[in-house]
Amino acid sequence: MATMFNRRLWLCTKAPAGAFVHSQRRRLNIVAMAMALFVPWVLFSTLYAVLSFSLHYTEPTTTYGIVGVGFLVVLLSAFFAVDAVRRKELPDGSRRQPSWYIFICVTSLLAWVLAVGAGETNFVENLQPFYDVLNLNTYQSVDPSKMRGQQLMDAGRIIFVKEATLDLSKAMSFKNLDRYCVAPVTMSSGNESHATLANYDFWAVGTNCCTDTGEFHCGDFHNPHAHAGLRLMRDEQRAFFRLAVQQAEAAHSVKAIHPLFFTWMQDPVVELNSYQDEGFKYYTVGMFSHFVLQLFLVLCAALAFSKMGTL
């Protein structure tokens, strides 16, 4: 028994050191692969959330400060990558492979760029209109024949009286790359006729949903239960809708002293919530899509590094 124990002890002491180094190196590479997967993904997910949601709306300076900190993380990964390349030859004669450091640096930069682009797009397209309208007032039982635009400057959602309807005969469009369509909100006088108003300050609008002859097909124009509007919040479109209204004024001899623009619909609350839902959906899809992309890149890099002998 003692002889067998001594033999095993002798074999252990004579085992090549490379076996232990190889095992340790494998464990270290697993850690490196995990960092290569999660560091860029966490960076992307964090910045994407910060740029998409309410912090961007209420504290834009803080938001871009966090984005700047995210870029510092990218610079820090670049520092480690450069340092790994410079110190490739270790004091004990072994060699440090800087491949994963470089990979983390490059994919972190990619994650930062994608997060900034996707976050800004998601915010502008979905969440900013939601927060804008949410911060405005809601008015009930608005009679377009009695109310003026100046009285409802802070309106985000308007529920008109049930007699309110669109006068499609006075619809108009203005084309500037896109077609900007408008139709005035008026009062029904029965038998599918419309009352003539002294002033038309409430307009249903939409883009690319009408013809050049003035056929208006925007929003819930065909819904007899639609008597509400959700305020247009895109400043870059407002001037073009104003030009369309001016054309309608000239063509139909009507007045629009202070026009307000709305998307015509039955339930503006549902539509408003859909903006938020779209924002969350785009964030969730983007977050998981980036994880899949990062996982794919890590697997490709691991395969490439193993063939190069630098894993």
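Residues numbered from 1 in each chain as written. Predicted model: local features only at pLDDT ≥ 70, side-chain atom pairs only at ≥ 80, totals over all residues. Heavy atoms only, no water.

**Some thoughts on the overall build of the protein**
For clarity, the cut-off: By definition, any uninterrupted DSSP run of H or I lasting at least four residues is a helix, any uninterrupted run of E lasting at least two residues is a strand, and each is numbered from the N terminus. Whether a residue is buried, partly exposed or exposed follows from its accessible area with a 1.4 Å probe, protein chains only, as a fraction of its type maximum: under 20%, in between, or over 50%, in that order. Here a residue-residue contact requires only that any non-hydrogen atoms of the pair lie within 4.5 Å. Using a 1.4 Å probe, the Shrake-Rupley method yields the accessible areas, and only the shown protein chains count as cover for residues.
Counting its regular elements, the protein contains seven helices and nine strands. In the protein, which comprises 311 residues, the share counted as buried stands at 39%. Counted over contacts in the protein with a minimum sequence separation of 6, partners at least 24 positions apart contribute 70%. A total of about 17,500 Å² of accessible surface is found on the protein, and carbon and sulfur atoms cover 63% of it.

**Quick look at the state of the cysteines**
What counts, and what does not: The rule for a disulfide is simple: a pair of cysteine sulfur atoms within 2.5 Å.
This model, assessed by the stated rule, comprises two disulfides. A sulfur-sulfur separation of 2.0 Å characterises the disulfide bridge that pairs Cys181 with Cys210. Judged by the sign of its S-S torsion, about -80 degrees, the bond between Cys181 and Cys210 is left-handed. Taken together, the positions of Cys181 in strand β5 (residues 178-190) and Cys210 in the loop between β7 (202-207) and β8 (228-231) put the pair 29 residues apart, joining distant regions of the chain.

**As for the UniProt feature "transmembrane region" (unreviewed entry) in the protein**
Cut-off, in case you're wondering: UniProt positions are given in the numbering used here, feature names are shortened, and annotations may be inferred rather than shown by experiment.
Residues given the UniProt feature "transmembrane region" (unreviewed entry) here are residues 30-51, 63-86, 98-119 and 282-305. Secondary structure content for residues 30-51 is 100% helix and 0% strand, and the end C-alpha separation is 32 Å. Helix makes up 100% of residues 282-305 and strand makes up 0%, while its end C-alpha atoms are separated by 34 Å.

**Focus on the packing of helix α5 (residues 99-134) against helix α7 (residues 268-308)**
We count it as follows: For helices, the axis comes from a line fit to the C-alpha atoms of the stretch in contact; other axes are also lines fit to C-alpha atoms, and the angle between any two N-to-C directions lies between 0 and 180 degrees. Oblique is the label for every angle not falling under 35 degrees (roughly parallel), over 145 degrees (roughly antiparallel), or within 65 to 115 degrees (roughly perpendicular). When residues are sorted by character, Ala, Val, Leu, Ile, Met, Phe, Trp, Tyr, Cys and Pro go into the nonpolar class, Asp, Glu, Lys and Arg into the charged class, and all the rest, Gly among them, into the polar class.
Remark: α5 packs on α7, axes separated minimally by 9 Å, with the N-to-C direction vectors making an angle of 170 degrees. Considering the angle they form, α5 stands roughly antiparallel to α7. The residue inventory of the contact of α5 with α7, partitioned by class, reads 20 nonpolar, nine polar and one charged.

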